[in-house]
Amino acid sequence: MPKTLSPTELARWKGLLPKLKNRMRKSQIYKKVKQSEKYIKKQKKIESNKIAKELGKKVEKQVPLTIEKLKVPDETEVKPEDDEVLADLASDEFSRYFSGKTPKVLITTSLKPRKSLIEFVSDLIAVFPNSFYLKRTEKNISRIIKFAKKNKYTDVIVVHQDKTISGLIVIHLPYGPTAFFKLTNVVQAKRIEGRAFPSSHFPELILNNFNSRLGHLIGRMFASLFPQRPQFSGRRVVTFHNQRDYIFFHHDRYLISKAEQRQRLDIELQEIGPAFTMKLKSIQKGLFDPVNAEYIWIRRKETLPNSRKRFFL
Amino acid sequence: MKVIAGTDNGLVKSTTIETKETKTWGELNPTYEISSMTWWNSFPENDYEVVTAHPKGIVRVWDVEHGIQLAEMSKFEKLVKIQLLHSYKNLLTTCSKNGIIDVRNCSPGNQNFVPNCKKPEKQIFPRVIRFETKVNDINQMQVDLSSLEDVKLALGGKGSDLQIWSMENKKCIWKAKNVPNNRLNLPVPIHITDLAYIPNESSKIVVSTGNSEIRLYDIKAQHRPVHRMKISKFLLNKICVSNCGRFVIFSDVTGVLQRIDLRNYQVVQGYKLNSGTVKDIAIHPTLPKIAVCGYSRFLNIYNFDNPKPISSIYLKQKCTSLLFSPETSLQTEQEKLQKLQITQRKNNEYVATQEEEEMWASIPNVEDKNEIDNINKVDNINKVDNINKVDNIN
């Protein structure tokens, strides 16, 4: 067979491919078909570029289409010229923290935890400054909330295990919303090769892609778990990255170095602690209430639209 | 069509549905949450005055056309939550969460303020009746609008079943009895979230409960509910009855809207919504249209038959109460022309435009009546008969 096929022969061999039973011959023909398709595509591009250069036009690079470009535009996006929405955000339930108050976090688990859960919680205590661990003996979460209110805590986190670490609840005191998340792909700190060790400096925060009104609510909820004055000498970073309604969590230490050959600054990252992905299940308006609650947003089959190109965060 | 909405922050918004314009007025303050609204019908000339009630203990009057706050009444004692205002015979009735019922006289002879003034004045209207019902946690109160002589109220809440009080005697007339026990022989908990009277029948009430049931009560028949329907896992939030008295529309805590026929007791239609609790439903007084708002910050408007909304408007705050104005859609000039043409065609007074005349001129004319009959005839019918005949079978 020749090295590359002409377009008429291409069409003929392509139609015969599903009928061949000889596996060796089939794989040879498949290779030729793929090679010649690539060759024809390249020749077209070269010719069009030649013509464009002769005429004097600019040769533009083509960009591939992804789901982020094809998605349905969101009406609830927060724009910086909107006075009403910004005033609503400034009088929120989280607005007290952005004037200099430090948070105090309580972390608990579900009943009868295993060894892997307790090690995961010890990683989380290194992430949040000013956080404490409580051993779970109570069955009701509403009694834990009463205890936390007496001792002046500001947030409660409950980590849940069902043979694997699978759930997270974040409760904001005294009246604030509760959020339910689903955890997947949990990587504990001791499994990471070449990791760094945590320190007690206050970290910096990075929040990516929380554009809509719902996203602003959740972004402010994460920001109220950390104190508002980062210590830059510690070089510690916590990132929450949102893409297509999945939130990715990382905890790193960074180093800015100057490469001599390129004469520009390079950033190197070394992982400290756990890494996992979260997905929002629902947000309730008041404190934790499994029976009589009112929902700001809930993911349910009967109420969500059926399309691949629609996202809410 | 116009819709007026009250928000969580103390703002009042009015939207026109065809053009999707919204106007807002008021100050942003999260302590001035609005819990209920009604029309202020004491002045028969102006139809655009609205009364709002706040759980802080304050009642305000607004002018919706110009966006001005007219008056503010602030001497409601120690009210935890103001429930419902119904302006009836110039009597404003309010209900608090503790169970205090307060009625004030708002006829134009007793008032001191001037409409369309720019500064709001704090005023007190003379009080007619005040009495205490010892009901602890009230969720909804309704006034019976069909009775003219003896005014009756219906109450219900968490832990307290349906009760009916009369305003003259200040006593409880009728009390409901709880439903029989479970399969496990345990008493069913009492939790009422919303009430509604069926119009033109003053003795039937529809009730939605916390166990996700819908119940029908008949005052003249018995103390227990006449019919019970179980629906879903989550709480039922709000109920609204249509003007003919045949359909009931209810909503869920998660964002589900459905319609029930009262003759069959079956779910007939579902509507598509954004997810989030529904805070208020309103039905137009003459046309079959529904308006819905809630924590999802969207306003949706539906026809009775279609599951998809006619229009959905983005309001930037969470809305807690709705009002539907009684005017029908604006008639633009195009629609008037179209209506004229339709009536002209019926009366054979049709006058064609230039384009239509050219179109009719290009088509060839048919002159004789016989030619029309000849076109429609089928030629060579005999041939068909010849095929079916069989010749010389031997």
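Residues numbered from 1 in each chain as written. Chains lettered and ligands numbered in written order. Predicted model: local features only at pLDDT ≥ 70, side-chain atom pairs only at ≥ 80, totals over all residues. Heavy atoms only, no water.

### Regarding the overall build of chain A
In step 1: Counting secondary structure elements, chain A contains 7 helices and 11 strands.
In step 2: Compactness check: chain A gives a C-alpha radius of gyration of 27 Å against a globular reference of 20 Å for 313 residues, more than 25% above the reference.
In step 3: The principal-axis extents of the C-alpha atoms in chain A amount to approximately 85 × 50 × 45 Å.
In step 4: When burial is assessed residue by residue, chain A has 38% of its 313 residues classed as buried.
In step 5: Put simply, chain A shows about 20600 Å² of open surface, and 53% of that area lies on carbon and sulfur atoms.
In step 6: Charge separation in chain A, taken as the distance between the mean sites of 62 positive and 32 negative side-chain charges, equals 9 Å. (Helix = DSSP H or I, 4+ residues; strand = E, 2+ residues; numbered from the N terminus. Rg over C-alpha atoms; globule rule 2.2 N^0.38 Å. Buried < 20%, exposed > 50% of the residue type's maximum accessible area, 1.4 Å probe, protein only. Areas by Shrake-Rupley, 256 points an atom, 1.4 Å probe, with all protein chains shown as cover. Lys, Arg positive; Asp, Glu negative; His and termini not counted. Charge placed at Lys NZ, Arg CZ, Asp CG, Glu CD.)

### Overview of the nonpolar core
One recurring pattern in soluble globular proteins: nonpolar side chains tend to sit buried together.
In step 1: Ranked by size, the top nonpolar core spans 37 residues in total, and within it F128(A), F181(A), F222(A), F240(A), I247(A) and M278(A) carry the most contacts.
In step 2: Excluding residues within four positions of it along the chain, I247(A) makes contact with F181(A), F210(A), F222(A), F240(A), H241(A), N242(A), F276(A), T277(A), M278(A) and L313(A). (Core = buried A, V, L, I, M, F, W, Y, C linked by side-chain atoms within 4.5 Å. Contact = heavy atoms within 4.5 Å.)

### Considering the sheet that holds strand β27 (residues 298-303) of chain B
All names here are of chain B.
In step 1: If you walk across this open sheet you meet the 4 strands as β25-β26-β27-β28, and the pairing is antiparallel. The strands lining the two open edges of the sheet, one partner per strand, are β25 (278-283) and β28 (311-314). Strand-to-strand, the axes of this sheet are offset by a mean angle of 15°, without reference to chain direction.
In step 2: Bridge count for β25 against strand β26 (residues 289-294) is 5 bridges, and the pairing is antiparallel. Of the residues in β26, the one forming a bridge with I281 is V292. (Pairing = 2+ DSSP bridges. Axes fitted to C-alpha atoms, helices over the stretch in contact; angles between N-to-C directions.)

### A few points about the confidence of the model for chain B
In step 1: The predicted model of chain B averages 80 in pLDDT, with 75% of residues at 70 or higher.
In step 2: The complex model carries a pTM of 0.80, and its ipTM stands at 0.79. (pLDDT = per-residue confidence, 0-100.)

### Examining the layout of surface pockets
In step 1: Of the volumes computed, that of the second largest pocket is approximately 1200 Å³.
In step 2: Lining the second largest pocket we find 42 residues, and of these R310(A), F312(A), L273(B), N274(B) and S275(B) sit closest to its centre.
In step 3: Among the elements of the structure, α7 (213-223) and β11 (295-298) of chain A together with β22 (247-252) and β27 of chain B are those that each provide at least two residues to the lining of the second largest pocket.
In step 4: Residues that form the lining of the second largest pocket fall into these classes: 19 nonpolar, 12 polar and 11 charged. (1 Å grid on protein atoms, 1.4 Å probe; cavity = no way out; pocket = protein on both sides within 12 Å on 5 of 7 lines; lining within 4 Å. Points joined across faces, edges and corners; volume = space filled by probe spheres on them. Nonpolar A, V, L, I, M, F, W, Y, C, P; charged D, E, K, R; others polar.)

### Here we look at helix α5 (residues 115-127) of chain A
All names here are of chain A.
In step 1: Counted at 1.5 Å a residue, the expected span for α5 with its 13 residues is 18 Å, and the 19 Å between its end C-alpha atoms agrees.
In step 2: By the burial criterion, the buried members of α5 are L117, F120, V121, D123, L124 and V127. For α5, the angular spread of buried residues about the axis comes to 155°, placing them on one side. (Expected span 1.5 Å × (residues − 1). Arc of directions from axis to C-beta.)

### Let's talk about empty space enclosed by the protein
All names here are of chain A.
In step 1: This model, assessed by the stated rule, comprises 8 cavities of 30 Å³ or more.
In step 2: Approximately 140 Å³ is the volume found for the largest cavity.
In step 3: In terms of lining residues, the largest cavity is bounded by 14 residues, among which F128, I157, L168, F276 and M278 are the most central.
In step 4: Taken together, the elements giving at least two residues each to the lining of the largest cavity come down to α5, β3 (155-162), β4 (164-172) and β10 (275-284).
In step 5: A breakdown of the residues in the lining of the largest cavity according to their chemical character gives 14 nonpolar, no polar and no charged.

### Remarks on the sheet that holds strand β20 (residues 227-230) of chain B
Residue and element names in this part refer to chain B.
In step 1: With antiparallel pairing, 4 strands are arranged side by side in an open sheet as β17-β18-β19-β20. A strand with exactly one partner marks an edge of an open sheet, and here the two such strands are β17 (192-197) and β20. Within this sheet the neighbouring strands show an average axis-to-axis angle of 20°, counted without direction.

### A short note on the state of the cysteines
When the sulfur atoms of two cysteines share a covalent bond, that bond is a disulfide.
All names here are of chain B.
In step 1: Under the definition given, this model contains 0 disulfides over all chains.
In step 2: For the unlinked cysteine C240, the closest cysteine sulfur is that of C244, found at 12 Å.
In step 3: Looking at the unpaired C319, the closest cysteine sulfur is the one in C293, lying at 5.0 Å. (Disulfide = S-S within 2.5 Å.)

### Topic: the interface of chain A and chain B
In step 1: The partner chain B presents 28 residues to the 21 residues of chain A that form the contact.
In step 2: Around 2100 Å² of area is buried between chain A and chain B when both sides are counted, 50% of it from carbon and sulfur atoms.
In step 3: Taken together, the connections running from chain A to chain B amount to 5 salt bridges.
In step 4: Close ionic contact of K13(B) with E84(A) constitutes a salt bridge, the shortest N to O distance being 3.0 Å.
In step 5: Here chain A and chain B share 10 residue pairs in polar contact (both at pLDDT 80 or more) between them.
In step 6: For the side of chain A that touches chain B, the secondary-structure elements that each account for two or more residues are α4 (83-90) and β11 of chain A.
In step 7: Split by residue class, the side of chain A that touches chain B holds 9 nonpolar, 4 polar and 8 charged. (Buried area = accessible area lost by both parts, 1.4 Å probe. Salt bridge = Lys/Arg side-chain N within 4 Å of Asp/Glu carboxyl O. Polar contact = N/O pair within 3.5 Å; in protein donor to acceptor, adjacent residues only side chain to side chain.)

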